[in-house]
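The chain contents come next:
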Amino acid sequence: MISSYPRLLTPGPLALAPEVKASMQSDLGSRDAAFRQVTRDIRQWILEFAHAGPDYTAIPMQGSGTFAIEAALTTFLKDSDKVLVCANGVYGETAAKILRRHRLDHVVLSRPITEPIAVRDVAARLAADPAITHLYFVHCETTSGVLNPLPELLALARSRGITSVVDSMSAFGAIEVVAERDPFDILISSGNKCLEAPPGIAFAIIRRSLLTPEQTVARTYTLDLHDQWRSFEETGEWRSTPPTHVAQALRAGLMGLRQETVTGRHARYAAIRDRLITGLHPFGFAPILRTEVQTPICVAFRNDELVPDALAFTDYYQHLRNAGLLIYARFHEASRSFRIGCIGQVDPTWVDELVEATRRFSQARRRPGGGVGLGQRAAAAPERRP
Ligand SMILES: *Cc1c(COP(=O)(O)O)cnc(C)c1O
């Protein structure tokens, strides 16, 4: 039983293993041999988890996942390029916003958040627009937890000679990525999702042939992945001050994954997901996705009776919070859903606590007059401590 408050049931940041937190005690010098070894290990192990051979390199970048996305898009897209962005959730839309901000040419293929990207739709768009040079898609769209068809989309891009850019932020480490079998060009992820490290370091796995002066554009200084890579290769150092403690924790997180394996982690998260879905079912909560496309990363639940709108969700969120449980704090209006994360060091008993807290919420709501004012009552309840 992990003693941890609040208990994070969010799709990043997440509950960390004690070993990962303990690994942040050493104050290493950023240009010292000991830290260069940490950096080498991180880069090497990330490549190993991607089953990526000598054609690839891993480039860490300071910041949250979005920093690495913006870094990849601004380093590898030339003014003459055009991106097809597949969007079936907020993260696909974020990529389009980044492209718009940098005035980079792109078109968006939108799908409902409950549906995976359809390969035939992408094929039709590519066939109709020969100007498209890049395909961007999200591996697991964390808005709903839906799995997009990575092998098929990569095969399609390859068959048309188009550069692929994958946001595997919430999938890498729990859903197998095998570069040898499904070669990609650019794949982006971050330490604070399924690698179970604290936020602060994201990374891109890049096909080495893209790392030439002709293929890259330095649109910013800090997010220049080509320059960052050159620094790693030439000196073993980050260009500007790295988060040295977070890097050590990421190394520890990767070590934990080596022990557990990606398959083992997938199974552990899937057990949490199934326990959540089964436990919340009696109170009218149902996932918005079909089972076949539901990943074990997070579950988007909908309950039109108990949590019909953002106001009711705020009450539910506060009620859980008072029980020491944090779920993702935003209500998705369009789908009337909210999400609960299954990733990180989630103890199965936390799910039982969440189900029990939901039972009390449901009982209070169903009482006459229970709909209004519950938030205040819940907020006044004493907070639980470990
Ligand atoms: C978490 C996440 C991101 C990046 O979010 P940050 O808040 O910048 O870490 C991007 N894409 C997906 C699919 C994600 O789950």
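Coordinates for the structure precede this section.
Residues numbered from 1 in each chain as written. Predicted model: local features only at pLDDT ≥ 70, side-chain atom pairs only at ≥ 80, totals over all residues. Heavy atoms only, no water.

## Things to note about the layout of surface pockets
What counts is decided by this rule: Computed over the protein atoms alone on a 1 Å grid, cavities are sets of points where a 1.4 Å probe fits but cannot get out and pockets are open sets with protein on both sides within 12 Å along at least five of seven lines; a residue lines them when it has an atom within 4 Å of a point. Grid points are joined across faces, edges and corners, and a volume is the space filled by probe spheres set on the points. Working definition: helices are DSSP H or I runs of at least four residues, strands are E runs of at least two. Numbering for both runs from the N terminus. Classification used: nonpolar for Ala, Val, Leu, Ile, Met, Phe, Trp, Tyr, Cys and Pro, charged for Asp, Glu, Lys and Arg, polar for all others including Gly. Segment limits for the domains were obtained from an automatic or database-derived domain assignment.
When its volume is computed, the largest pocket comes out at roughly 260 Å³. The wall of the largest pocket is formed by P11, G12, V90, Y91, T142, T143, K193, Y328, R330, F331, H332 and R339. Those elements giving two or more residues to the lining of the largest pocket turn out to be α4 (90–101) and β14 (331–332). Among the residues forming the lining of the largest pocket, the class breakdown is 5 nonpolar, 4 polar and 3 charged. When residues of the lining of the largest pocket are assigned to domains, at least three fall in each of domain 1 (7–13 + 261–380) and domain 2 (19–259).

## What to know about the environment of V262
Heads up, the rule is: In what follows, a contact means two residues having at least one pair of non-hydrogen atoms within 4.5 Å.
Note that V262 resides in helix α9 (residues 262–280). Sequence-wise, V262 and G92 are 170 residues apart; in three dimensions their C-alpha atoms are separated by 25 Å. Leaving out residues up to four positions away in the same chain, V262 has contacts with F49, G173, A174, I175, E176 and L257.

## Quick notes on the site of the ligand
What counts, and what does not: One heavy atom within 4 Å of a molecule or strand makes the whole residue count as near it. In protein, a polar contact means a hydrogen-donor-capable atom and an acceptor-capable atom, both N or O and within 3.5 Å, with residues adjacent in sequence counting only if both atoms are side-chain atoms; elsewhere, any N or O pair within 3.5 Å suffices. Each accessible area value is a Shrake-Rupley result obtained with a 1.4 Å probe; residue values ignore everything except the protein chains displayed when judging cover.
With respect to spatial proximity, the complete set of residues near the ligand consists of S64, G65, T66, I69, Y91, V138, C140, T142, D167, M169, S170 and K193. T142 places a polar side-chain atom, nitrogen or oxygen, 2.4 Å from an oxygen atom of the ligand. Between the ligand and K193, the relevant distance is 2.7 Å, taken from an oxygen atom to a side-chain nitrogen or oxygen of the residue. Surface burial for the ligand is 86%, taken as the share of its 380 Å² of free accessible area covered by protein chains.

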